[in-house]
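Residues per chain, in single letters:
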Protein chains: 2
Amino acid sequence: MSDWKNLDELEAFHELEAVERVNLREVMSGENGAERVRTYHTDMAAGMSYNYAAKDVDENVLAALVKLAREAQLSEKYEELYNGAVINTGEKRLVLHQLCRGQLGKDVIADGVNKREFYVKQQERAAAFANKVHSGEITNEKGEKFTTVVQIGIGGSDLGPRALYIALENWARKHNTLKMEARFISNVDPDDATAVLNSVDVAHTLFILVSKSGTTLETLTNEAFVKNALRKAGYDPARHMIAVTSESSPLARNEGYMDAFYMDNYIGGRYSSSSAVGCTVLSLAFGPEVFARILEGAHEEDVLAKEKDPMKNPDMLDALIGVYERNVLGMEATAVLPYSQALSRFPAHLQQLDMESNGKSVNRFGKPMNYVTGPIIFGEPGTNGQHSFYQLLHQGKTIIPMQFIGFRKSQLENDVVIEGSTSQKKLCANVAAQIVAFACGKDDENPNKNFDGGRPSSIIIGEQLTPESLGALLAHFENKVMFQGFLWNVNSFDQEGVQLGKVLAKKVLAHDTDGALKVYSDLFEI
Amino acid sequence: MSDWKNLDELEAFHELEAVERVNLREVMSGENGAERVRTYHTDMAAGMSYNYAAKDVDENVLAALVKLAREAQLSEKYEELYNGAVINTGEKRLVLHQLCRGQLGKDVIADGVNKREFYVKQQERAAAFANKVHSGEITNEKGEKFTTVVQIGIGGSDLGPRALYIALENWARKHNTLKMEARFISNVDPDDATAVLNSVDVAHTLFILVSKSGTTLETLTNEAFVKNALRKAGYDPARHMIAVTSESSPLARNEGYMDAFYMDNYIGGRYSSSSAVGCTVLSLAFGPEVFARILEGAHEEDVLAKEKDPMKNPDMLDALIGVYERNVLGMEATAVLPYSQALSRFPAHLQQLDMESNGKSVNRFGKPMNYVTGPIIFGEPGTNGQHSFYQLLHQGKTIIPMQFIGFRKSQLENDVVIEGSTSQKKLCANVAAQIVAFACGKDDENPNKNFDGGRPSSIIIGEQLTPESLGALLAHFENKVMFQGFLWNVNSFDQEGVQLGKVLAKKVLAHDTDGALKVYSDLFEI
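These figures come from a predicted structure and were not determined experimentally.

Would you mind going over helix 8 (residues 190–199) of chain A with me for this structure?
Each full turn of the α-helix corresponds to 3.6 residues, which orients residues three or four apart in the same direction. By the criterion of burial, helix 8 of chain A is predominantly enclosed, with eight of the ten residues buried. All of the buried residues in helix 8 of chain A are P190, D191, D192, A193, T194, A195, V196 and L197 of chain A. Its buried side turned inward, helix 8 of chain A meets strand 5 (148–152), strand 6 (181–185), strand 7 (205–210) and helix 9 (217–232) of chain A together with helix 7 (159–174) and helix 15 (423–440) of chain B. N-cap assignment for helix 8 of chain A: the residue whose side-chain oxygen lies 2.9 Å from the backbone N of D191 of chain A is D189 of chain A.

In structure tokens, the structure reads:
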């Protein structure tokens, strides 16, 4: 069993603190900079590469990070996790999202079943169901094919699957594998469900209700919205709805749904894109083969994450550098900047993944720590962001580390040549230019046009955004967040911080309030 | 003329630093908390209210903020701005976006014209053009009506207009005033233009090319994309395109466009939603009357911002509290959390508005300052965010101030009753509950379920999201950012930080690189 210690109890952390800081501007200039870009990278899955040349590290910092990884037993902890240890200590649960993508270690038996077999079975069931919908074997009550799928869910049942759908929607269209258009209803704001329902042809729409417990207020409310709309249009909700839920939920084996696909307690919402939560909607939208390719890319990355040498393990290295920036250099945020319009909602998924996992103030044993944990995560696609918040990133008083993502080829491979270059080349030229501008800056005698540089970034470079590379990206960040949770000694797999608001909202609705809460309720005329 | 001083040169700032900190948890508890919610608010335009009860202020802090506002001459500076002073010192320009919405002071004459008359004339021209498109007087070359409008622009030509369009699209549909559907092409990523062009019927689409200089690389590249698509489909680009540009740009009075509507140098991109940049696309989408209502709401808020007493000036008060949190309490970010799905992209607009305006390290005179400036801005709509990054907001190590926005009524007024309440009531109950949960926290013997509280927020409460309240929100944040820029003594109206990346990107495309930049270029096979 590995030893769970606070970050500041590790000798290697204090050694890391003592290592001389890197002058990023200096090391990234001239031939030395070129050499860094050539050597400071490590392979990722799906042919991608993690390049950290423009990070504020050098051989000394990296050596200290390697020691830190070893002392923190990152590899051992990952191994325990995928072999089925109770890593989610607060809720006393195993953590098995990687197992949806492939076997990484021993068989994991829980609740009397082999969990890999359970996950594969749900994938096969969802695939068979999707194939029947696509072939017309499963239809609406009039024998007409379903053309649209709407996922009803919130948080991890929404952000991850939605980000993946948006990432591949146009790709699938181009490759003739967009089987059904997908839409998502998440917010309890009635305008959300109303707008989505107004935009689809309910007669030919299949709705997926996603709730592990079968009790999520937002989701059940939106289900009622959908059922009303179906009934009003003369359709039987039971012939238009399926559920993704746990086997013990009231939605399981319920006549109100055509079928149900199961998840379990060992996969948290924000990690559930690989489970039935993502599988069902994405198999319906793109076909099961495309979903399987996402899992393949993710599994390949999970296997890479087993590598004990951090220098050959992009997920672990990214995690280590992030902790260095957060806990030694004192940086509070990370901007995620994909140079790919298809990844427009990927930062919103990462925002949940990271901030909900590691936005914690007590360690796995419930003790407060003397160091900061998860950073703020935000981002928008480049080049859009360049014409927006990059001003602060370049010249603001706060240094914000950046995570770029870029691909050599566009996804749709449709382009124009203007002033001697394609749009895709311009896109790539921009991300290359930004990395160097942030790192090296530029002196100008007009202080308003002066760039200090010294702003660290890394980049993940891939050939093209495909199901495999998308899966690898998904797994990379999940694994990064996991390793950072190990370093911070927090439980990255619970989310007690969302409970208090739920309790108080129920009180408001029950008119069981006093003090400030009562006056706010009155202001809203609740 | 007012006196431009650094924040830390102001006596009132040092007095503010010395004021005893507020224990938010304590003051928001019990009857005292109720009384704060009842009294700590001030009216905004369009019937809205800014409530700051859950902010970390009390009578002493507020008194110090009032002194600070006076010593910093915030009202005087605003007056100089709207009367036409050269407030954008770096670029030696007037700052006139408020003038698009109404006259606030004296006539402003620049370049030999009355600028209010100029802006009104552009609004009238765009309105007349839009009316002709809607009536079928202006058609495509086959005499068929245009049904869709696509804005081609990036940064302020995209984020603001897009956020406003999304905010009112479903509202307009409900009120039978959605005249044309709007889409936006922004990114130089060729996948962006390709996807949008694949999703519209180009035959019946009118394209608006938006570029002040007529030289924005992304925008001209995307224009070429559009022109190719039009030609390929057998249509004449000159019969499908209009321009929004400056009168001196190559796009003005150019036979390649059916018409052109003008902006000028006195309105920066991120402030341009009220100018021809927003006017043209929104008048085409919703009709000129709806756009005029947005401006009315904004103008009403601009007038409120003239109020010299900060306690009656919500824009100034919000700015002052933000500077207190940033510069005295040391908070690095602000989360913008609209409880309205229609405002889903409003945070992205505010991210540009705020971070591009005040993400600066030198003051208006080009001197470095000893204090921090603009914060990180991020956000997603509630209740979605509650199931995502709120974990960190509630229990993370970093305290992040929050700006909530909520409305008593939903926008579409279509709802269902579940467990005794409508979705809209649930939405309002959630935002009320969150404010109190963040401020007051809750003790729990399980440290994992303990909430420290003390996390400050304010809320803007409105009756409903309409064109007027949307305009008021737009102006509120513009004015807040302006007042904060005055306090920090920065020029909030230039953006020199975006230049270096542009220069380097051009070098990459010209293969005029060495060092790290050359190797990155090689990695991308540019």
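What is the right way to look at the sheet that holds strand 9 (residues 260–263) of chain B in this model?
Sheets are built from strands paired through backbone hydrogen bonds, the pairs being either parallel or antiparallel. Residue and element names in this part refer to chain B. One open sheet accounts for five strands, arranged 6-5-7-8-9; its pairing is parallel. Of all the strands in the sheet, just strand 6 (181–185) and strand 9 have a single pairing partner and so form its edges. Within this sheet the neighbouring strands show an average axis-to-axis angle of 20 degrees, counted without direction. Bridge analysis of strand 7 (residues 205–210) against strand 8 (residues 241–246) gives four bridges, and the strand direction is parallel. From the neighbouring strand, F207 faces strand 8, where its bridge partner is M241.

Looking at this structure, I do not really get the sheet that holds strand 5 of chain A. What am I missing?
Residues and elements named next belong to chain A. Read from one edge of the open sheet, five strands run 6-5-7-8-9, paired in parallel fashion. Of all the strands in the sheet, just strand 6 and strand 9 (260–263) have a single pairing partner and so form its edges. Ignoring strand direction, the axes of neighbouring strands in this sheet form an average angle of 20 degrees. Of the strands in this sheet, strand 7, strand 8 (241–246) and strand 9 are in contact with helix 6 (residues 115–135), which crosses strand 9 at around 155 degrees. Against the sheet, helix 9 makes contact with strand 5, strand 6, strand 7 and strand 8, and its axis sits at roughly 160 degrees relative to strand 7, the strand it touches most.

I keep staring at the packing of helix 15 (residues 423–440) of chain A against helix 17 (residues 499–509) of chain B and nothing clicks. Help me out?
A pair of packed helices can be characterised by two numbers: the angle between their axes and the separation between those axes. It is the contact of helix 15 of chain A with helix 17 of chain B, at a shortest axis distance of 8 Å, that shows an interaxial angle of 125 degrees. The orientation of helix 15 of chain A relative to helix 17 of chain B falls into the category oblique. The crossing of helix 15 of chain A and helix 17 of chain B is right-handed. Each of K425, K426, A429, N430, A433, Q434, V436 and A437 of chain A in helix 15 of chain A lies in contact with helix 17 of chain B, whose residues at this interface are L500, G501, L504, A505, V508 and L509 of chain B. Residue composition of the contact of helix 15 of chain A with helix 17 of chain B, by class: nine nonpolar, three polar and two charged.

What am I meant to see in the side chain of E169 of chain A here?
Assignment of secondary structure puts E169 of chain A in helix 7 (residues 159–174). Once you skip the residues sitting within four places of it in the chain, E169 of chain A turns out to touch L178 and F286 of chain A.

Even after reading the chapter, I still don't get the pairing of strand 9 of chain B, so can you show me in this structure?
Residues and elements named next belong to chain B. Residues A260 and Y262 line one face of strand 9 and the alternating positions F261 and M263 line the opposite face, and both faces are buried. As paired elements, strand 8 and strand 9 share four bridges and run parallel to each other. Pairing of V244 across the sheet is with F261, part of strand 9.

Mind showing me how you'd approach the environment of V108 of chain A here?
Residues and elements named next belong to chain A. Tracing the backbone through its elements, the reader meets V108 in the loop between helix 5 (74–82) and strand 3 (109–110). When the C-alpha atoms of V108 and Q424 are compared, they prove to be 45 Å apart, with 316 residues separating the residues in sequence. Setting aside its immediate chain neighbours within four residues, V108 contacts Y82, N83, G84, L94, L96, L99, Q103, V113, N114 and K115.

Can you help me understand the relation of the copies chain B and chain A in this one?
Once turned by 180 degrees and shifted 0.0 Å along the axis, chain B lies on chain A with an RMSD of 0.0 Å. What we have between these two chains is a two-fold relation. For chain B, the minimum C-alpha distance to the rotation axis belongs to F378 of chain B and amounts to 3.2 Å. By residue overlap, the copies meet face to face through one surface: 100% of the interface positions of chain B are interface positions in chain A.

What is the right way to read empty space enclosed by the protein from this model?
The probe, sized like a water molecule, is rolled over the atoms to show the empty space still left. Residues and elements named next belong to chain A. Under the criterion given, the structure shown has eleven cavities of 30 Å³ or more. The calculated volume of the largest cavity comes to roughly 140 Å³. The wall of the largest cavity is formed by 18 residues, among which G322, E325, T334, K480 and Q484 lie closest to the centre. Secondary structure elements with two or more residues in the lining of the largest cavity: helix 12 (314–328), strand 10 (333–339) and helix 16 (467–488). Counting residues per element, the lining of the largest cavity draws most heavily on helix 12, which supplies five residues. For the lining of the largest cavity, a count of residues per class yields seven nonpolar, five polar and six charged.

So what exactly am I meant to see when it comes to helix 12 of chain A here?
Between its first and last C-alpha, helix 12 of chain A extends 20 Å over 15 residues, near the 21 Å set by a 1.5 Å rise per residue. Remark: G330 of chain A follows helix 12 of chain A within two positions and exhibits a positive phi of approximately 75 degrees.

Mind showing me how you'd approach the pattern of salt bridges here?
Note that side chains of opposite charge can pair when their charged atoms are close. Residue and element names in this part refer to chain A. On inspection of all chains with the given rule, the structure shows 48 salt bridges over all chains. Its salt-bridge partner being E91, residue R93 comes within 3.7 Å of it at the nearest N-O pair. Taking the relative accessible area as the measure of exposure, E91 reaches 25% and is therefore partly exposed. D259 is the salt-bridge partner of R125, the closest N and O atoms lying 3.0 Å from each other.

Would you mind going over the packing of aromatic side chains with me for this structure?
Any pair of aromatic rings gets described here by the distance separating the centres and the angle formed by the planes. With the rule as written, the count across this model stands at 34 aromatic pairs over all chains. When the ring of Y165 of chain B is compared with that of F286 of chain B, the centres are 5.4 Å apart and the planes differ by 10 degrees; the resulting orientation is stacked. Of this pair, Y165 of chain B sits in helix 7 while F286 of chain B sits in helix 10 (residues 276–286), and the two are 121 residues apart along the sequence. The class for F286 of chain B is buried, based on a relative accessible area of 0%. Against the face of W4 of chain A rests K77 of chain A, its NZ or CZ located 4.5 Å from the ring centre. The ring of W4 of chain B carries R364 of chain B above its face, with NZ or CZ at 3.8 Å from the centroid.

What is the right way to read the interface of chain B and chain A from this model?
Many structure descriptions define interface size as the accessible area lost when the parts assemble. Contacts between the two partners involve 132 residues from chain B, matched on the other side by 132 residues from chain A. In total, chain B and chain A occlude about 11,300 Å² of area from one another, counting both sides; carbon and sulfur atoms represent 64% of this. Three residues, K397, Y520 and F524 of chain B, lead the burial of chain B against chain A; their summed loss comes to 8% of the area buried on that side. Run the count over chain B and chain A and you get four salt bridges. Between R345 of chain A and E380 of chain B there is a salt bridge, with its nearest N and O atoms 2.8 Å apart. Between chain B and chain A we count 46 residue pairs in polar contact (both at pLDDT 80 or more) in total. Here the side of chain B that touches chain A is composed, by residue class, of 58 nonpolar, 50 polar and 24 charged.

I tried to follow the packing of helix 11 (residues 288–304) of chain A against helix 16 of chain A on my own but got confused; where do I start?
Residues and elements named next belong to chain A. Between helix 11 and helix 16, the shortest axis-to-axis distance is 6 Å and the interhelical angle comes to 45 degrees. By the criterion of interaxial angle, the relationship of helix 11 to helix 16 is oblique. The handedness of the crossing between helix 11 and helix 16 is right-handed. Across the interface between the two elements, V290, R293, I294, G297, A298, E301 and D302 from helix 11 touch P467, E468, G471, A472, A475, H476 and N479 from helix 16. By residue class, the composition of the contact of helix 11 with helix 16 is six nonpolar, four polar and four charged.

Just to check I follow, could you spell out the state of the cysteines for this structure?
Here a disulfide denotes one covalent bond, and it connects the sulfur atoms of two cysteines. All names here are of chain B. Under the counting rule described, the total for this entry stands at zero disulfides over all chains. C428 takes part in no disulfide bond, and the closest cysteine sulfur to it belongs to C440, at a distance of 19 Å. By relative accessible area, which is 2% here, C428 ends up buried.

Procedures and definitions
Residues numbered from 1 in each chain as written. Chains lettered and ligands numbered in written order. Predicted model: local features only at pLDDT ≥ 70, side-chain atom pairs only at ≥ 80, totals over all residues. Heavy atoms only, no water. Buried < 20%, exposed > 50% of the residue type's maximum accessible area, 1.4 Å probe, protein only. Helix = DSSP H or I, 4+ residues; strand = E, 2+ residues; numbered from the N terminus. Contact = heavy atoms within 4.5 Å. Polar contact = N/O pair within 3.5 Å; in protein donor to acceptor, adjacent residues only side chain to side chain. Pairing = 2+ DSSP bridges. Axes fitted to C-alpha atoms, helices over the stretch in contact; angles between N-to-C directions. Parallel < 35°, antiparallel > 145°, perpendicular 65-115°, else oblique. Left-handed = near helix turned anticlockwise from the far one by under 90°. Nonpolar A, V, L, I, M, F, W, Y, C, P; charged D, E, K, R; others polar. Least-squares fit on C-alpha atoms with pLDDT ≥ 70 in both. 1 Å grid on protein atoms, 1.4 Å probe; cavity = no way out; pocket = protein on both sides within 12 Å on 5 of 7 lines; lining within 4 Å. Points joined across faces, edges and corners; volume = space filled by probe spheres on them. Expected span 1.5 Å × (residues − 1). Salt bridge = Lys/Arg side-chain N within 4 Å of Asp/Glu carboxyl O. Phe/Tyr/Trp six-rings, centres within 6.5 Å; stacked < 30°, edge-to-face > 60°. Lys NZ or Arg CZ within 6 Å of the ring centre and 35° of its normal. Buried area = accessible area lost by both parts, 1.4 Å probe. Disulfide = S-S within 2.5 Å.

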